[in-house]
Amino acid sequence: MNRAAFAFLAGGSVRYLRSVAKNVVKTALGRPHRYSDGDVLYRQYVRQLLGGRRLSKITCICSTLEGAGSQALMTMRAIQFARAHGLTYAHTPFGEIHHAERPMPEWAAAWEAQFNLGTGEATDTRDAINFAFTFPTLCALYGVADDEAPFDDTLIGDFRRKYRLGKPRAARALPSVCVHVRRRNRHDFHSEDSTDMACLAEVVARVRRMLEEQRLPHVLRVFSQGDPAEFRALDLPHDGLFLDADPLWSMREMIDADLLVTTRGTFGHVTGLLCEGVVLADGSFPPQPGWLTYDALGAFDEERLASAVSAKMRSASGR
């Protein structure tokens, strides 16, 4: 048992006893009782230490204040954690996702079908620990130093296989270059993840110059929210801006890109994870295997990107 376990037991015992007392009173008053996700973890961990049934199952039920990208990434992290530590991941379908653009049941079901993360996973969530609200403690108990460690190739391949169910890649006349720009919107509360437009303008200019030098025909599109005037720095025609479009469709278009440029934020990060093209990402956000990154000034390894994009696009042209 590590130091984190001792600290968890010491602090958790007081909180758990308080929860027990509160729930006893609620039961006496005929009111429904409820234990927090932390209480459930504490109870199961103590049971394990006393020789009872070991922790064996986790699920992922995210905050209803989180959007689709955040909830999908957290679910992916839960699956990664379960695989790494010999636990069962039991899938809980999305129930409520922020930024809803349809009635909530329909909105949640659409994102569930978009990712298909529950395909092939267990579905019995009884006694499952909710990873979404206990992952810092679980990581400490299991000695995980980096809770944002990159996904391995096998797991990324599994996520992509699940995503592709019922969504074959669209045929295109020209290779596709997509840029995701994270902008603040009326729902936003992660202001620190808003895109630095000056930096992105430099990235886009370098990418366009590289494509011209390589003589690679393509279609370039930007996906974001806002007014066209906010994207003037990118120096793109209006018909290349797809603003406030259906986010499910937008994500699918970007996942199918031959070259995807992403900015900060979980929506773009998950899109990049599922994209089988070349991904150029903001280097301030932990990258995934194989991604190229740009720095705060918009600089990146242009020779390496040119080589990767040339191979990908010439291959795509022969699809």
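Quick summary incoming for the structure in this document. None of the values given here were measured: they were computed from a predicted structure. (Residues numbered from 1 in each chain as written. Predicted model: local features only at pLDDT ≥ 70, side-chain atom pairs only at ≥ 80, totals over all residues. Heavy atoms only, no water.)

1. What to know about the pattern of salt bridges
Between side chains of opposite charge, pairing is possible as soon as their charged atoms come close. Heads up, the condition is: The rule for a salt bridge is simple: a side-chain nitrogen of Lys or Arg has to be within 4 Å of a carboxyl oxygen of Asp or Glu. Counting from the N terminus, the helices are DSSP H or I runs at least four residues long and the strands are E runs at least two residues long. When accessible area is computed with a 1.4 Å probe and restricted to protein chains, residues below 20% of their type maximum are described as buried, those above 50% as exposed, and intermediate ones as partly exposed.
In total, this model carries 15 salt bridges according to the counting rule given. Arg102 is paired through a salt bridge with Asp246; the nearest N and O atoms lie 3.9 Å apart. Pair noted here: Arg102 is in the loop between β2 (88–89) and α4 (104–115) and Asp246 is in the loop between β6 (241–243) and α8 (247–255), with a separation of 144 residues, a long-range link. With a relative accessible area of 29%, Asp246 lands in the partly exposed category. A salt bridge links Arg206 to Glu202; the shortest N-O distance between them is 2.7 Å. One end of the pair is Arg206 and the other is Glu202, both in helix α7 (residues 197–213) and four residues apart, which spans about a single turn.

2. Some thoughts on unusual backbone geometry
The phi dihedral of Asp235 is positive, around 55°, even though this residue is not glycine. Structurally, Asp235 can be placed in the loop between β5 (219–224) and β6. Even without glycine at this site, Asp244 takes up a positive phi of about 60°. Take Asp244: it is sitting in the loop between β6 and α8.

3. Observations regarding the packing of helix α2 (residues 37–49) against helix α5 (residues 131–141)
Here is the rule we go by: Angular values range over 0 to 180 degrees, each being the angle between N-to-C directions of two axes fitted as lines to C-alpha atoms, with helices fitted over their stretch in contact. Reported orientations rely on four angle classes, namely roughly parallel under 35 degrees, roughly antiparallel over 145, roughly perpendicular from 65 to 115, and oblique for the rest. Any pair of residues with heavy atoms lying within 4.5 Å of one another is described as a contacting pair. Each residue gets one label: Ala, Val, Leu, Ile, Met, Phe, Trp, Tyr, Cys and Pro are nonpolar, Asp, Glu, Lys and Arg are charged, and the others, such as Gly, are polar.
Contact geometry for α2 and α5: axes closest at 9 Å, N-to-C directions at 30°. In terms of orientation, α2 lies roughly parallel with respect to α5. Across the interface between the two elements, Asp37, Gly38, Leu41 and Tyr45 of α2 pack against Phe133, Thr134, Thr137, Leu138 and Leu141 of α5. Within the contact of α2 with α5, the residues separate by chemical class into five nonpolar, three polar and one charged.

4. Section: the sheet that holds strand β1 (residues 57–59)
Here is the rule we go by: Any two strands are treated as partners once DSSP identifies two or more bridges connecting them.
Taken together, the three strands give an open sheet; going across it, the order is β2-β1-β3, and neighbouring strands pair in parallel fashion. Every interior strand has two partners, whereas the edge strands, β2 and β3 (129–130), have only one. Examined bridge by bridge, β1 and β2 share two bridges and lie parallel to one another. Looking across to β2, one finds that Ile58 is bridged to Tyr89.

5. Some remarks on the nonpolar core
The cut-off we apply is this: Among buried residues, the Ala, Val, Leu, Ile, Met, Phe, Trp, Tyr and Cys ones that are joined through side-chain atoms within 4.5 Å form a nonpolar core.
Counting residues in each nonpolar core, the largest one holds 47 residues, and the members touching the most others are Ile58, Met76, Trp111, Phe115, Phe151, Phe159 and Leu274. When residues of this core are traced back to their parent elements, those giving at least two are α1 (3–28), α2, α3 (68–84), α4, α5, α6 (153–164), α8 and α9 (266–274). Among the elements that take part in this core, α3 stands out by supplying nine residues, more than any other. Those residues within four positions of Met76 in sequence are excluded, and the remaining contacts are Leu117, Phe151, Phe159, Val270, Leu273 and Leu274. Residues Val203, Leu236, Val278 and Ala306 belong to the second largest nonpolar core, which totals 31 residues.

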